[in-house]
Amino acid sequence: MTRIIIALTLLILGCSSVQAEDRYSGVTLMRGTVVSVGRVDPTENIGTGFFVDANYTSVALNAGVGTKKFGDSPIRRDSGDDDLSAADGERVTNGYAGVGFGRIIQIQYGYGSEGDLLRYRSDFNYRSVIDFFTGKRTPKDRLTLGDRLTFTIAVEQYLDDEDEIFDNATWGIGLLF
């Protein structure tokens, strides 16, 4: 737990130095924090779960925290067959840091309650895609709610062989701040 707190503190301090607007003045990628909720599809046949996470992304660096519950989701109950799995009903909390190309593609290393993991993530929304292809930059104060809606897709692989039951894919919707 101490390692998680130290890592998150270092990430927050490191990310605050990359927030300088003048540092990336010619870049049209939108930076910010995405808070997401959605569905977890684990490799084990225990039914879908749900996740909540927050992820800050600059142009090349990103960091975040998240929690997910495996097993039955509150929306769809009793969808799995393997009630004897160790992952059924478990909650996993992780911290992540990584590199990538804005929110389009991110590769993150994480550590949490089930050990080390590798995560591939993508957050995309309509306004970011339009700004990227037109070469324009929409100021954050001019973004509407529709411009801030973000779709999140992530795949996680735990690096410890014993925790492969927690490998998962998540997808959901978030809000860009």
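Reading the values: rules and limits
- Residues numbered from 1 in each chain as written.
- Predicted model: local features only at pLDDT ≥ 70, side-chain atom pairs only at ≥ 80, totals over all residues.
- Heavy atoms only, no water.
- Buried < 20%, exposed > 50% of the residue type's maximum accessible area, 1.4 Å probe, protein only.
- Helix = DSSP H or I, 4+ residues; strand = E, 2+ residues; numbered from the N terminus.
- Pairing = 2+ DSSP bridges.
- Patch = residues over 30% accessible without salt bridge, like charges linked within 9 Å, V, L, I, M, F, W, Y side chains within 5 Å.
- Areas by Shrake-Rupley, 256 points an atom, 1.4 Å probe, with all protein chains shown as cover.
- Salt bridge = Lys/Arg side-chain N within 4 Å of Asp/Glu carboxyl O.
- Axes fitted to C-alpha atoms, helices over the stretch in contact; angles between N-to-C directions.
- Arc of directions from axis to C-beta.
- Contact = heavy atoms within 4.5 Å.

**Student:** Run through the pairing of strand β5 (residues 105–112), naming residues and quoting values.
**Tutor:** Only one face of β5 is buried: it carries Gln-106, Gln-108, Gly-110 and Gly-112, and the other face, with Ile-105, Ile-107, Tyr-109 and Tyr-111, is open. As paired strands, strand β4 (residues 91–101) and β5 are joined by 8 bridges and run antiparallel to one another. Within β5, the position partnered with Gly-98 by the bridge is Gln-108. Hairpin remark: β4 followed by β5, antiparallel, with 3 residues in the connecting loop; positive phi at Gly-102, about 60°. Examined bridge by bridge, β5 and strand β6 (residues 115–124) share 7 bridges and lie antiparallel to one another. Within β6, the position partnered with Gln-108 by the bridge is Arg-119.

**Student:** Provide a residue-level description of a nonpolar patch on the surface, including the pertinent values.
**Tutor:** Together, Phe-101, Ile-104, Ile-105, Phe-124, Val-129, Phe-132, Phe-133, Leu-149, Phe-151, Ile-153, Trp-171 and Ile-173 make up a nonpolar patch on the protein surface, roughly 1,100 Å² of accessible area in all. Counting residues per element, the ones that place at least two in the nonpolar patch are α2 (126–134), β7 (149–158) and β8 (168–176). Here Phe-151 is to be found in strand β7.

**Student:** Describe in detail the sheet that holds strand β3 (residues 61–69), supporting the description with residues and values.
**Tutor:** Around the barrel, which closes on itself, the 8 strands sit in the order β1-β2-β3-β4-β5-β6-β7-β8 with antiparallel pairing between neighbours. For this sheet the average axis-to-axis angle between neighbouring strands, irrespective of direction, equals 25°. Across 9 bridges, the pairing between strand β1 (residues 32–42) and β8 is antiparallel. Across the sheet, residue Val-35 finds its bridge partner in β8, namely Leu-175.

**Student:** Summarise α2; cite the residues concerned and give the values.
**Tutor:** Among the residues of α2, Arg-127, Ser-128 and Asp-131 are the ones counted as buried. In an axial view of α2, the angular spread of the buried residues amounts to 100°, which keeps them on one side of the axis. Facing away from the buried side of α2 by over 90 degrees, the exposed positions are Tyr-126 and Phe-133. Along its buried surface, α2 packs onto α3 (145–148).

**Student:** Can you break down the pairing of β1 residue by residue, with the values?
**Tutor:** As defined by bridge partners, β1 adjoins strand β2 (residues 49–57) across 9 bridges and the pair is classed as antiparallel. Paired with Val-34 across the strands is Asn-55, a residue of β2. The hairpin turn running from β1 into β2, its antiparallel successor, is 6 residues long, and Gly-47 in that turn takes a positive phi close to 90°.

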